[in-house]
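If you want the building blocks of each chain, they are given just below.
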Number of protein chains: 2
Amino acid sequence: MKLGRLNHVGIATPSIADSVRFYREVMGAEVIREPFDLPAQGVKVCFVDTPIGRAGGTGGPQIELIEPLGEGSPIHGFLAKNPAGGQHHLCYEVPDIHAAKAWFEAKGARVLGEPRIGAHGTPIFFVHPRDMGGVLTEIMETPKMAAGHGS
Amino acid sequence: MKLGRLNHVGIATPSIADSVRFYREVMGAEVIREPFDLPAQGVKVCFVDTPIGRAGGTGGPQIELIEPLGEGSPIHGFLAKNPAGGQHHLCYEVPDIHAAKAWFEAKGARVLGEPRIGAHGTPIFFVHPRDMGGVLTEIMETPKMAAGHGS
């Protein structure tokens, strides 16, 4: 397997509304997407675009703001330890989610559950941070329509 | 100020040698730079390239592996809490480090010290995570020779 594109950096927050204000007013983000609920993952999600180059705009990895949704949200534990929020996971793209799952399992890394549909509408899974240098890692199948994007 | 390019994701590790092996063998990284010491910051550093697009290669944000260098290294505290390592900071580029410092200070964000030369040879500063949604944030002046890169 080859290292794929860094699709996004997941950042947990107690309030997407407050974080959106922060990214717009302090960080100067120009493109902030509409927040939406992802009940299957127990999170509310909002993507902030970063520029791919030095001219501003979009096309770089996104910041994925994640806020707990529901009492069983997996983000509650993280926010209990980090009440202001913080870096939660990194997400890399792969061309084939099932091939990637087999790859990580063959390397002895603990894949957390079966592939399921993620925030971009393509299958994803997470790999246990203990097997990933302490980094909770999301693996995401590249959206088909965007397969040539940025390459 | 406009949000700049995500230059790198800083990941603390107890062993750059082990992390390099992990990024090569498990993550499939194709371009891993030579590690070097950055005594002024109390860290040993190694950059792992990520692809900018879906065809593999380089040009995306780098992973900056950081290992403690010396007893006074600021990474010791992080590794005491996270023995396996983990996500340490995010670094964004700006065109002018002094303008950026004035911007963040005007927003009430605590800039940690004066600009100093960072791992890419250009001036950098860090901003306190408590003022940045829990994310330790490095601000880095874009290398002049790379000003057009990727844009």
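Below is a summary of the structure that appears in this document. (Residues numbered from 1 in each chain as written. Chains lettered and ligands numbered in written order. Predicted model: local features only at pLDDT ≥ 70, side-chain atom pairs only at ≥ 80, totals over all residues. Heavy atoms only, no water.)

Turning to the interface of chain A and chain B, a few remarks are in order. How big an interface is tends to be stated in terms of the accessible area lost upon association of its parts. Between chain A and chain B, the residue contacts involve 53 residues of the former and 53 residues of the latter. Buried surface at the junction of chain A and chain B, both sides included, amounts to about 4100 Å², of which 61% is carbon and sulfur. Of all residues in chain A, Leu3, Arg54 and Gln87 of chain A give up the largest surface area on contact with chain B, accounting jointly for 21% of the area buried on that side. Between chain A and chain B we count 0 salt bridges in total. (Contact = heavy atoms within 4.5 Å. Buried area = accessible area lost by both parts, 1.4 Å probe. Salt bridge = Lys/Arg side-chain N within 4 Å of Asp/Glu carboxyl O.)

As a further point, take the relation of the copies chain A and chain B. Of the transformation placing chain A onto chain B, the axial shift is 0.0 Å and the rotation is 180°, giving an RMSD of 0.0 Å. Considering both components of the superposition, the chain copies are consistent with a two-fold axis. In terms of proximity to the rotation axis, the leading residue of chain A is glutamine 87 of chain A, whose C-alpha is 3.4 Å off the axis. (Least-squares fit on C-alpha atoms with pLDDT ≥ 70 in both.)

Right, let's get into the sheet that holds strand β6 (residues 111-117) of chain B. Residue and element names in this part refer to chain B. With mixed pairing, 8 strands are arranged side by side in an open sheet as β2-β3-β4-β1-β5-β8-β7-β6. The sheet terminates laterally at β2 (36-38) and β6, the two strands that pair on one side only. Neighbour-to-neighbour, the strand axes of this sheet turn through a mean angle of 30°, independent of strand direction. As paired elements, strand β1 (residues 6-12) and strand β5 (residues 86-94) share 6 bridges and run antiparallel to each other. Residue pairing across strands places leucine 6 opposite tyrosine 92, the latter belonging to β5. Where helix α1 (residues 16-25) meets the sheet, its contacts fall on β1, β3 (43-48) and β4 (62-68), and the angle it forms with β4 comes to roughly 155°. (Pairing = 2+ DSSP bridges. Helix = DSSP H or I, 4+ residues; strand = E, 2+ residues; numbered from the N terminus. Axes fitted to C-alpha atoms, helices over the stretch in contact; angles between N-to-C directions.)

This part is about the packing of aromatic side chains. This structure, assessed with the given rule, holds 6 aromatic pairs over all chains. Ring plane angle 85° and centroid distance 5.1 Å describe the contact between phenylalanine 22 of chain A and tyrosine 23 of chain A, whose orientation is recorded as edge-to-face. A single burial state applies to phenylalanine 22 of chain A and to tyrosine 23 of chain A, both of which are buried. Lysine 107 of chain B extends its terminal NZ or CZ atom over the ring of tryptophan 103 of chain B, reaching a point 4.6 Å from the ring centre. (Phe/Tyr/Trp six-rings, centres within 6.5 Å; stacked < 30°, edge-to-face > 60°. Buried < 20%, exposed > 50% of the residue type's maximum accessible area, 1.4 Å probe, protein only. Lys NZ or Arg CZ within 6 Å of the ring centre and 35° of its normal.)

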